[in-house]
Amino acid sequence: MAHKISDECISCGTCVDTCNFEAISEGEDKYIIDKDKCTDCGACVEVCPVDAISPE
Ligand code: SF4
Ligand code: SF4
């Protein structure tokens, strides 16, 4: 399991620094979460201003 970022993402970059596992990076159209690195800790969910991050 891993969290995922929806198309609602406005690419603000806020979530990147909240991830202690370096699972979030900038993708082509939006930010993306590396499934292999995400531990489902949920920390990034709280900081997203547009609620784009959710458990998969
Ligand atoms: S749920 Fe945790 S590990 Fe997964 S991307 Fe968000 S902050 Fe990183
Ligand atoms: S905090 Fe939300 S809107 Fe900002 S880059 Fe992350 S997923 Fe996208």
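This text goes with the structure placed above it.
Below is a short write-up of the structure. Bear in mind the structure is a predicted one, so any value in this text is a computation, not a measurement.

1. Description of the site of ligand 2
- By nearness alone, 13 residues border ligand 2, and Cys-9, Cys-12, Gly-13, Cys-15 and Cys-48 come closest of all.
- For the shell around ligand 2, the residue count by class is ten nonpolar, three polar and no charged.

2. Some remarks on the site of ligand 1
- If you check the shell around ligand 1, you find His-3, Cys-19, Phe-21, Ile-24, Ile-33, Cys-38, Thr-39, Asp-40, Cys-41, Gly-42 and Cys-44 and nothing else.
- When the residues that make up the shell around ligand 1 are grouped by side-chain class, the tally is seven nonpolar, three polar and one charged.

3. Concerning the nonpolar core
- Counting 14 residues, the largest nonpolar core has Ile-5, Ile-24, Ile-33 and Ile-53 as the members making the most contacts within it.
- When near neighbours in sequence (up to four residues on either side) are disregarded, Ile-53 contacts His-3, Lys-4, Ile-5, Cys-15, Ile-33, Cys-44, Val-45 and Cys-48.

4. Considering the pattern of salt bridges
- Applying the stated criterion to the full structure yields two salt bridges.
- Note that Lys-30 and Asp-7 form a salt bridge whose closest N and O atoms lie 3.5 Å from each other. Linking Lys-30 in the loop between strand E2 (24-26) and strand E3 (31-33) with Asp-7 in the loop between strand E1 (3-5) and E2, this pair joins segments that are 23 residues apart in sequence.
- Owing to a relative accessible area of 67%, Asp-7 belongs among the exposed residues under this scheme.
- Among the salt bridges present, the one from Glu-56 reaches Lys-35, with a minimum N-O distance of 3.8 Å. Taken together, the residues span a long stretch of sequence, with Glu-56 in the segment after strand E4 (53-55) and Lys-35 in the loop between E3 and helix H1 (43-47) at a distance of 21 residues.
- According to the relative accessible area criterion, Glu-56 is partly exposed, its value standing at 44%.

Cut-offs and rules
Residues numbered from 1 in each chain as written. Chains lettered and ligands numbered in written order. Predicted model: local features only at pLDDT ≥ 70, side-chain atom pairs only at ≥ 80, totals over all residues. Heavy atoms only, no water. Near = heavy atom within 4 Å. Nonpolar A, V, L, I, M, F, W, Y, C, P; charged D, E, K, R; others polar. Core = buried A, V, L, I, M, F, W, Y, C linked by side-chain atoms within 4.5 Å. Buried < 20%, exposed > 50% of the residue type's maximum accessible area, 1.4 Å probe, protein only. Contact = heavy atoms within 4.5 Å. Salt bridge = Lys/Arg side-chain N within 4 Å of Asp/Glu carboxyl O. Helix = DSSP H or I, 4+ residues; strand = E, 2+ residues; numbered from the N terminus.

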